[in-house]
Amino acid sequence: MGTQFIGEHLQYGKLGNVFIILSFTAALVSALSYAFQVFRKNEDPLSWNRLARVSFFIHGCSVTGIVALLYYLIHDHYFEYYYVWQHSSTTLQVKYMWACLWEGQEGSFMLWMFWHVVLGILLIRSAGKFESATVFVIALADVILMSMILGIHIPWGD
């Protein structure tokens, strides 16, 4: 029975890993596509724009999936996950469980990325000729934030 309990909810962690890797990859593709559109003005901008938008949308869906999954884990008290164990409690009222999402560093990064996605979608719809440059910066910021969640360390002269 104890062994069954240990592996019982592992699918949520695997789903979270898929969302995180998909989010990082899609944000990176989006940032690179917007960068190519900005810095290579002589090529067909529509092909880069289409790829950048689709990638940013996939990134947005992944970030939303991560936030929803994390809230579900917090709400249903899956304490086998370290973030849930460290930042939530069974005595919390539901209205305070939302605060558990951004209590830790990783959750704060997720909250920032969520609002970046909202802002990016608004800019994609309304920025016109400034879309490429502005959403490039947002996607690049999300790549950096997601790399910190993944634990990617780039040694700068170490």
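Let us look at the structure shown here. The residue count restarts for each chain, going from 1 along the sequence in the order it is written. It should be noted that, the model being predicted, local features are given only for residues of pLDDT at least 70 and side-chain atom pairs only at 80 or more, the latter also being counted only at that level, while totals for whole chains, interfaces and linings use all residues. Side-chain numbers come from the whole structure's heavy atoms, not from hydrogens or water.

## A few points about the overall build of the chain
Then comes step 1: A tally of helices and strands in the chain yields seven helices and zero strands.
Then comes step 2: Going from N to C terminus, the chain has its helices and strands arranged as α-α-α-α-α-α-α.
Then comes step 3: Burial here depends on accessible area, computed with a 1.4 Å probe over protein chains only, as a share of the maximum for the residue type. Under 20% is buried, over 50% is exposed, and the range in between is partly exposed. Looking at the chain residue by residue over its 158 residues, the buried ones come to 39%.
Then comes step 4: With an accessible surface of roughly 9,900 Å², the chain has 69% of that area assigned to carbon and sulfur atoms. Secondary structure elements follow DSSP: runs of H or I of four or more residues count as helices, runs of E of two or more count as strands, with numbering from the N terminus. The Shrake-Rupley method, run with a 1.4 Å probe, gives the accessible areas here. Residue values count only the displayed protein chains as cover.

## A word on unusual backbone geometry
Then comes step 1: The phi dihedral of His 77 is positive, around 60°, even though this residue is not glycine.
Then comes step 2: For His 77, the location among the structural elements is in the loop between helix H3 (45–75) and helix H4 (82–87).

## Re the side chain of Ser 33
Then comes step 1: Secondary-structure assignment places Ser 33 in helix H2 (residues 10–39).
Then comes step 2: On the accessibility criterion, Ser 33 (1% relative accessible area) is buried.
Then comes step 3: Whether two residues touch is decided by their heavy atoms; if any such pair falls within 4.5 Å, the residues are in contact. Discounting residues that sit within four places of it in the chain, Ser 33 has contacts with Trp 48, Leu 51 and Ala 52.

## What about the packing of helix H5 (residues 94–103) against helix H6 (residues 105–126)?
Any two packed helices are characterised by how steeply their axes cross, that is the angle between the axes, and by the distance between the axes.
Then comes step 1: To define axes, lines are fitted to C-alpha atoms, for helices over the stretch in contact only, and angles between the resulting N-to-C directions are given on a 0 to 180 degree scale. Packing of H5 against H6 brings their axes to within 5 Å, and their N-to-C directions diverge by 100°. Regarding the angle of H5 to H6, the classification is roughly perpendicular. For the pair formed by H5 and H6, the contact residues are Leu 101, Trp 102 and Glu 103 on the first element and Gln 105, Gly 107, Ser 108 and Leu 111 on the second.
Then comes step 2: Grouping the constituent residues of the contact of H5 with H6 by class yields three nonpolar, three polar and one charged. By definition in this entry, angles of less than 35 degrees are roughly parallel, angles greater than 145 are roughly antiparallel, angles of 65 to 115 are roughly perpendicular, and the rest are oblique. Classification convention: Asp, Glu, Lys, Arg as charged; Ala, Val, Leu, Ile, Met, Phe, Trp, Tyr, Cys, Pro as nonpolar; all other residues, Gly among them, as polar.

## Some points on a nonpolar patch on the surface
Then comes step 1: Together, Trp 98, Trp 102, Leu 111, Trp 115, Val 118 and Leu 122 make up an exposed nonpolar region whose accessible area comes to about 590 Å².
Then comes step 2: Here the nonpolar patch gets four residues from one element, more than from any other, and that element is H6.
Then comes step 3: Positionally, Leu 122 belongs in helix H6. Each patch is assembled from residues with relative accessible area greater than 30% and no salt bridge, linking like charges that lie within 9 Å and nonpolar side chains (Val, Leu, Ile, Met, Phe, Trp, Tyr) that lie within 5 Å. By definition here, a salt bridge exists when the distance from a side-chain nitrogen of Lys or Arg to a carboxyl oxygen of Asp or Glu is within 4 Å.

## Details of the pattern of salt bridges
Then comes step 1: What the rule picks out here adds up to one salt bridge.
Then comes step 2: Residues Glu 131 and Arg 53 are paired through a salt bridge, measuring 2.6 Å at the closest nitrogen-oxygen approach. Placement of the pair is Glu 131 in helix H7 (residues 131–150) and Arg 53 in helix H3, with a sequence separation of 78 residues.
Then comes step 3: Among the residues examined, Glu 131 registers a relative accessible area of 4% and is labelled buried.

Remember, this is a structural readout, not a statement about activity or role.
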